[in-house]
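# Commentary on secondary and tertiary structure
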Amino acid sequence: MTVLIKNGRIVTATDDYTADIVIDGERIHTIGRDIPAAGHAEVHDARGLLVLPGGVDVHTHLDWDFGVARTADTFGTGTKAAAFGGTTTLVDFCNQDGRAPQAALEDWHSRAASACIDVAAHLILTKVSEQVLIDMASLIRRDGVSTFKLFMAYPGVLMVDDATIFKALRVARDNGGMICMHAENGPVIQVLIEEAIAAGHTAPKYHETTRPSLLEGEATQRAITLSELAEAPLYIVHLSAAEALAAVTAARDRGVPVHAETCPHYLFLTKEEYERPGFESAKFVMTPPLRDRHHQSMLWRGLSTNDLQVVSTDHCPFCFNEQPLGMKYSKQQGVNNFNKIPNGAPGIETRLPLVYDGGVRANRISLNRFVQLTATTPAKLFGLFPKKGTIAVGSDADIVLFDPNEQWTIRAAAHHSRVDYSLFEGRSVTGRVKKVFLRGGLIVEGDRWLGREGGGNYVPRGQAGRA
Ligand SMILES: [Zn+2]
């Protein structure tokens, strides 16, 4: 049973050419010119379309418990939304939440069983005993969990101290793993939050004023210093601040293996969103918060100079309204106190069109760079390449047919996520996902859903930290 994709413009991180692709089973079998259409089970004409490797999104929180809140997407709904956005592989966050790592991972696997696209797991470490440090080696080698996330923020909930970070960095280094860091100075942020609330500053906009960019810069520099001393690779998640980027850039110039991602909301939105009336601005309460234009232009610069290597979504969706999912899934928990608003925002379905429209079409990045940022480099850094992240003979046939000229408007009502709003509501973009293949199977065709819950595979990952 073979599938032929004809006449498409194949774009990878390095190449750009017109050719035909033959998929045999789950993998790409042949790439060539003028391949006859006869004898294939399916033939797809990709004339006028870009043929891209399926997107790899390495930062999502599906069916994720965060204190008393839970994210609004299950793996079934979240991965379906991802597929409509041209993403075929996720690396999602499994939270240790104080448990033995294996128990946390088993829980994650049971939730992830409904995934419609391929999924892998990072493990968030919240309680790092000597036994957990020992367990990290087998998680990397046996379970394919080669990255671990640590938090320098959220004291008492997720935060770990510098000694723990240093120890974990060394264990990761010795076993082909990598530490992913949420870099903000949590204890100082806590002081600012308490002062704000004592002063009666409870509106959502105070989420931004209590998480200044300086504290992201400080924590990023501290994480880099620890990784430099440990001689271990480091990945800064959701980098939003110019100060943090400056620290990453300086470290990379010294040859320190530091990598960093940013997210579409930091590239396209600013803190002006917090001036929206009433509770509306709670939609934009994610961590780190939106920054001003100065930071945004530095992020675009970082993407073009390769000081930022990945654009991921940090899809951490909480509904704006209480109904129909309930208060547990809603931003309304913080209606009287910004510190109780669940931190996080949706974005899993709009990453490719936004970065294409605002990056490639706006002449900020090349088409090859677009593929690099959204598929190839995340696949390489997180141990998924060359199975994922490129179009090559032998790679999984995860393929997106993308119309570079179709103009459309982002609307939450048309999304496939369970979340009830979009950060980009009403934004017109050019460039749209038309067809998506997951390991050779067509799962999205225009508005039609052809995939199925449970159709995704768990993908054990190899060595992390090498791009
Ligand atoms: Zn996150």
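The structure we're discussing is the one just above.
The present account deals with the structure reproduced in this document. (Residues numbered from 1 in each chain as written. Predicted model: local features only at pLDDT ≥ 70, side-chain atom pairs only at ≥ 80, totals over all residues. Heavy atoms only, no water.)

### Comments concerning the packing of helix α7 (residues 213–230) against helix α8 (residues 242–253)
Orientation of α7 relative to α8, taken along the N-to-C sense of each, is 25 degrees, at an axis distance of 7 Å. When the interaxial angle is binned, α7 and α8 end up roughly parallel. Here S213, L214, E216, G217, T220, Q221 and I224 of α7 lie close against α8, whose contacting residues are E243, A244, A247, V248 and A251. Here the residues of the contact of α7 with α8 sort into six nonpolar, four polar and two charged. (Axes fitted to C-alpha atoms, helices over the stretch in contact; angles between N-to-C directions. Helix = DSSP H or I, 4+ residues; strand = E, 2+ residues; numbered from the N terminus. Parallel < 35°, antiparallel > 145°, perpendicular 65-115°, else oblique. Contact = heavy atoms within 4.5 Å. Nonpolar A, V, L, I, M, F, W, Y, C, P; charged D, E, K, R; others polar.)

### Some details on the sheet that holds strand β10 (residues 118–124)
Overall, parallel pairing links the eight strands, which are arranged β6-β9-β10-β11-β12-β13-β14-β15 in an open sheet. This sheet does not close on itself; its edge strands, each paired only once, are β6 (55–60) and β15 (310–311). The strands touched by helix α4 (residues 162–174) are β11 (147–151), β12 (178–182) and β13 (234–236); relative to β12, the strand with the most contacts, the crossing angle is about 150 degrees. (Pairing = 2+ DSSP bridges.)

### Examining the coordination of the zinc ion
In this structure, H59 (NE2), H61 (NE2) and D314 (OD) serve as the protein donors to the zinc ion, at separations of 2.0 to 2.2 Å. Linear spacing of the donor residues for the zinc ion on their chain is H-x1-H-x252-D. On the criterion of sequence distance, the pair formed by H59 in strand β6 and D314 in the loop between β15 and α11 (351–360) is long-range, its members being 255 residues apart. Like H59, the residue D314 is buried in the burial classification. (Donors = N, O, S within 2.8 Å, 3.2 Å for Na, K, Ca; no water. Buried < 20%, exposed > 50% of the residue type's maximum accessible area, 1.4 Å probe, protein only.)

### Some details on the side chain of R439
Position of R439 among the secondary structure elements: in the loop between β17 (428–438) and β18 (441–445). You can call R439 buried: its relative accessible area is 9%. In contact with R439, other than residues within four places in its own chain, are G25, E26, D118, K388, D396, A397, D398, G455, G456 and N457.

### Description of unusual backbone geometry
Looking along the chain, the bond that leaves Q323 and enters P324 is cis, with omega of 10 degrees. Relative to the helices and strands, P324 is located in the loop between β15 and α11. In this structure, the amide linkage connecting F385 to the following residue, P386, adopts the cis form with an omega of 5 degrees. Here P386 lies in the loop between α12 (367–381) and β16 (399–409). Positive phi, close to 65 degrees, is recorded for N7, a residue that is not glycine.

### Considering the environment of V68
Within the secondary structure, V68 is located in the loop between β7 (65–66) and β8 (69–70). Residue class for V68 comes out exposed when judged on its relative accessible area of 63%. As for V68 and P36, which are separated by 32 residues in sequence, their C-alpha atoms are 57 Å apart.

### Digging into the packing of aromatic side chains
Here the structure, examined in full by the defined rule, presents 13 aromatic pairs. Ring centres of F75 and W108 lie 5.6 Å apart, and the angle between their planes is 90 degrees; this geometry places the pair in the edge-to-face category. Linking F75 in helix α1 (residues 75–84) with W108 in helix α2 (residues 101–112), this pair joins segments that are 33 residues apart in sequence. The burial state of F75 is the same as that of W108; both residues are buried. Taken together, W64, F66, F151 and Y154 form an aromatic cluster joined through their ring pairs. For K149, the ring lying beneath its charged end belongs to F93, and the centroid distance is 4.2 Å. Sitting over the ring of F385, K380 keeps its end group 4.8 Å from the ring centre. (Phe/Tyr/Trp six-rings, centres within 6.5 Å; stacked < 30°, edge-to-face > 60°. Lys NZ or Arg CZ within 6 Å of the ring centre and 35° of its normal.)

### Notes on the pattern of salt bridges
Within the structure shown, the criterion is met by 33 salt bridges. Note that R222 is salt-bridged to D162, the shortest N-O span being 2.8 Å. Of this pair, R222 sits in helix α7 while D162 sits in helix α4, and the two are 60 residues apart along the sequence. Note that R276 and E280 form a salt bridge whose closest N and O atoms lie 3.5 Å from each other. (Salt bridge = Lys/Arg side-chain N within 4 Å of Asp/Glu carboxyl O.)

### Digging into the nonpolar core
Within the largest apolar cluster, 111 residues are counted, with the highest numbers of intra-cluster contacts made by I179, M181 and F370. Filtering out sequence-adjacent residues up to four positions away, M181 remains in contact with L150, M152, I165, A223, L234, Y235, I236 and V237. I5, I10, I391 and L401 belong to the second largest nonpolar core, which has 16 residues in total. (Core = buried A, V, L, I, M, F, W, Y, C linked by side-chain atoms within 4.5 Å.)

### Quick notes on the side chain of E349
If you trace the backbone, E349 turns up in the loop between β15 and α11. Buried within the structure, E349 lacks any salt-bridge partner; its nearest side chain of opposite charge belongs to R432, at an N-O separation of 7.5 Å. Within the local environment of E349, its side chain forms a polar contact with the side chain of H416, the two groups lying 2.8 Å apart. Setting aside anything within four residues of it in sequence, one finds E349 in contact with A81, F84, G85, A414, H415, H416 and S417. (Lys, Arg positive; Asp, Glu negative; His and termini not counted. Polar contact = N/O pair within 3.5 Å; in protein donor to acceptor, adjacent residues only side chain to side chain.)

### With respect to α2
Spanning twelve residues, α2 covers 16 Å between terminal C-alpha atoms, matching the ideal 16 Å at 1.5 Å per step. Of the positions making up α2, those classed as buried are P101, A104, L105, W108, R111 and A112. All buried residues of α2 project into a common sector of 120 degrees when viewed along the axis, lining one side. For α2, the exposed residues set more than 90 degrees away from the buried face come down to E106 and S110. On its buried face, α2 sits against β7, β8, α1, β9 (87–95), β10 and α3 (130–141). (Expected span 1.5 Å × (residues − 1). Arc of directions from axis to C-beta.)

### Observations concerning the packing of α4 against α7
Axis angle and axis distance: for two packed helices, these are the angle between their axes and the distance between the axes, and together they describe the pair. The interhelical angle for the contact between α4 and α7, taken along N-to-C directions, is 45 degrees, at an axis separation of 9 Å. Between α4 and α7, the interaxial angle falls into the category oblique. Like other packed secondary-structure pairs, α4 and α7 cross with a definite hand, here right-handed. In contact with D162, I165, F166, L169, R170 and R173 of α4, α7 contributes R222, L226, S227, L229 and A230. Across the contact of α4 with α7, the residue classes tally to six nonpolar, one polar and four charged. (Left-handed = near helix turned anticlockwise from the far one by under 90°.)

Everything listed is a geometric property; what it means functionally is a separate question.
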